[in-house]
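Structural overview for review
The primary structure of each chain is shown beneath.
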Amino acid sequence: MSIESPYASQLAGIPVRENTVSVLGSSSRYWEYGAAVAGAPTVVMVHGFRGDHHGLEPVVAQLPGVHIISPDLPGFGESTPLGADSGFSHDLDGYAAWLRGFVAALELNGPVVILGHSFGSIVSSAALAGGLAADAVILVNPIAAPALAGPRGIMTRLAVFYYWAAAKLPEKLGFALLRSRLIVRVMSVTMAKTTDPTLKRWIHEEHDRYFSAFSNREVVLDAFRASVGNDVSEFAASITPRTLLIAADRDDITPIAAQHTLQALFPQATLYVIHGVGHLIHYEKPVEAAAQIRGLLATLPSSNETAGA
């Protein structure tokens, strides 16, 4: 029997609408939580590698009254891949260009806050460095340094071999390997740090449901190469909006020392460290993360205030 999300009742109280917009040939699905209020901030959330918008819903559940837009990245979840004639592939340049186009297509009024988790932190940073306008930036579990240099660098090397093998196998076998429930469970067990058995089981079920919702082998292989071949530090100096880094002291992908180094690279960044959690802040510590997000949003002047100044 499946376990109900521990955040289900809170999420149920937040109105949500499903929408689709075409960006770079991708039929991009996104979920709009809360109501848009003239002049008030909108948070655009960018999920991590192999996930989709569901992963960030525990954080959404803690932010009633906040207008949030949460898309599935092209080729993941319910969004189709980038168009063959778009000129882009599913590498970092492609995803960054897509995010710039996606935000432009939303035609948002009021302050815009870009939030990226894990691989989404890299995509968001590349898009911002490439000209995406934002009033503030929030990076959760940011990839602050090359993944191969992290505390579990050996695990990353094993992942590289896994994706290499999936690329070398015949199409059907490679696709099956990429969607292996055993591999997904190993990833989930490695990342989860909670000692709550019910929460841990729910996290594993979430990964079982959504971690293999990608369109094809090429999409996930290209995105994986982008996730381990780039990091936020490459773009930090070019990101001028106020930035909030929400990091974890037990993150196996990026050591906490690297997060302090990353903070210093931004023109204006604050680092908040959540203890007792690893790379799954959004699942295990959404209340703490949302408190920091709400605190940042409270400091943003509305566009109405700006216009009247």
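Our subject is the structure listed above.
Cut-offs applied
Residues numbered from 1 in each chain as written. Predicted model: local features only at pLDDT ≥ 70, side-chain atom pairs only at ≥ 80, totals over all residues. Heavy atoms only, no water. Helix = DSSP H or I, 4+ residues; strand = E, 2+ residues; numbered from the N terminus. Rg over C-alpha atoms; globule rule 2.2 N^0.38 Å. Buried < 20%, exposed > 50% of the residue type's maximum accessible area, 1.4 Å probe, protein only. Contact = heavy atoms within 4.5 Å. Areas by Shrake-Rupley, 256 points an atom, 1.4 Å probe, with all protein chains shown as cover. Salt bridge = Lys/Arg side-chain N within 4 Å of Asp/Glu carboxyl O. Pairing = 2+ DSSP bridges. Axes fitted to C-alpha atoms, helices over the stretch in contact; angles between N-to-C directions. Core = buried A, V, L, I, M, F, W, Y, C linked by side-chain atoms within 4.5 Å. Parallel < 35°, antiparallel > 145°, perpendicular 65-115°, else oblique. Left-handed = near helix turned anticlockwise from the far one by under 90°. 1 Å grid on protein atoms, 1.4 Å probe; cavity = no way out; pocket = protein on both sides within 12 Å on 5 of 7 lines; lining within 4 Å. Points joined across faces, edges and corners; volume = space filled by probe spheres on them. Nonpolar A, V, L, I, M, F, W, Y, C, P; charged D, E, K, R; others polar. Expected span 1.5 Å × (residues − 1). Polar contact = N/O pair within 3.5 Å; in protein donor to acceptor, adjacent residues only side chain to side chain.

Looking only at helices and strands, one finds 13 helices and eight strands in the protein chain. Here the C-alpha radius of gyration of the protein chain, 18 Å, is about what a compact globule of 309 residues would show, namely 19 Å. Based on the C-alpha atoms only, the size of the protein chain along its principal axes is roughly 60 × 45 × 40 Å. Expressed as a percentage of the 309 residues in the protein chain, the buried residues total 55%. For the protein chain, contacts bridging at least 24 residues in sequence account for 76% of all contacts bridging at least 6. In the structure as shown, the protein chain presents an accessible area of about 12,700 Å², 57% of it carried by carbon and sulfur atoms.

Right, let's get into the pattern of salt bridges. Going through the model one piece at a time under the given rule, you end up with twelve salt bridges. The closest approach of N and O atoms between Glu-288 and Lys-285, which form a salt bridge, is 4.0 Å. Residue class for Lys-285 comes out partly exposed when judged on its relative accessible area of 22%. Within this structure, Arg-201, Glu-205, Glu-206 and Arg-209 form a network of salt bridges that share partners.

Turning our eyes to something else, we now look at the sheet that holds strand 5 (residues 112–117). A sheet is described by the order of its strands in space; here eight strands give the open sequence 1-2-4-3-5-6-7-8, paired in mixed fashion. In this open sheet, the two edge strands, each paired with only one partner strand, are strand 1 (16–23) and strand 8 (269–274). Ignoring strand direction, the axes of neighbouring strands in this sheet form an average angle of 20 degrees. Direction of pairing for strand 6 (residues 136–140) relative to strand 7 (residues 242–248): parallel, over a ladder of five bridges. Bridge assignment links Val-140 to a residue of strand 7, and that residue is Ile-246. The sheet strands contacting helix 4 (residues 119–129) are strand 3 (42–46), strand 5 and strand 6, and the helix crosses strand 5 at an angle near 140 degrees.

Residues Phe-76, Phe-102, Phe-119, Tyr-163 and Phe-266 are the most contacted members of the largest nonpolar core, which totals 69 residues. Setting aside anything within four residues of it in sequence, one finds Phe-266 in contact with Leu-139, Val-232, Ala-236, Ile-239, Thr-243 and Leu-245.

The two faces of the sheet receive side chains in turn, since in a regular strand these alternate between them. Bridging between strand 1 and strand 2 (residues 26–33) involves eight bridges; their strand directions are antiparallel. Residue pairing in the sheet places Arg-17 in a bridge with Glu-32 of strand 2. Here strand 1 folds back onto strand 2 in antiparallel fashion, the turn holding two residues, of which Leu-24 has a positive phi close to 50 degrees.

This part takes up the packing of helix 6 (residues 171–178) against helix 9 (residues 217–229). Contact pair helix 6 / helix 9: the axes reach a minimum separation of 10 Å and the direction vectors enclose 55 degrees. On the basis of the axis angle, helix 6 is oblique to helix 9. Considering how the two elements wind past one another, helix 6 and helix 9 form a crossing that is left-handed. Residue-level contacts link Glu-171, Gly-174, Phe-175 and Leu-178 of helix 6 to Arg-217, Glu-218, Val-220 and Leu-221 of helix 9.

Along the chain, Ala-105 turns up in helix 3 (residues 92–106). We classify Ala-105 as partly exposed; its relative accessible area is 38%. Each C-alpha atom, one on Ala-105 and one on Ala-269, is 28 Å from the other, the two residues being 164 residues apart in sequence.

All told, the structure shown has one cavity of 30 Å³ or more when counted by the stated rule. If you go around the largest cavity, the residues you meet are Leu-56, Val-59, Leu-115, Val-140, His-282, Ala-289 and Ile-293. Split by residue class, the lining of the largest cavity holds six nonpolar, one polar and no charged.

Glycine aside, the phi torsion of most residues is negative, and most peptide linkages are trans. Although it is not a glycine, Arg-50 sits at a positive phi angle of roughly 70 degrees. Of note, Arg-50 is situated in the loop between strand 3 and helix 2 (57–60). The backbone of Glu-107 shows a phi angle near 50 degrees, a positive value even though the residue is not glycine. If you trace the backbone, Glu-107 turns up in the loop between helix 3 and strand 5.

The subject of this paragraph is the environment of Ile-122. Along the chain, Ile-122 turns up in helix 4. Separated by 44 residues in the primary sequence, Ile-122 and Ala-166 have C-alpha atoms spaced 24 Å apart. Not counting residues within four places of it along the chain, the set of residues in contact with Ile-122 comprises Leu-92, Ile-143, Ser-227, Asn-230, Asp-231, Val-232 and Phe-235.

For an α-helix, 3.6 residues make a turn, and residues three or four places apart therefore share a direction. The first and last C-alpha atoms of helix 8 (residues 197–210) sit 20 Å apart over 14 residues, in line with the 20 Å expected at 1.5 Å per residue. Within helix 8 the residues assigned to the buried category are Leu-199, Trp-202, Ile-203, His-204, Glu-205, Glu-206, His-207 and Asp-208. At the N-terminal end of helix 8, a side-chain oxygen is found 2.9 Å from the backbone nitrogen of Thr-198, two or three residues along, and the residue is Asp-196.

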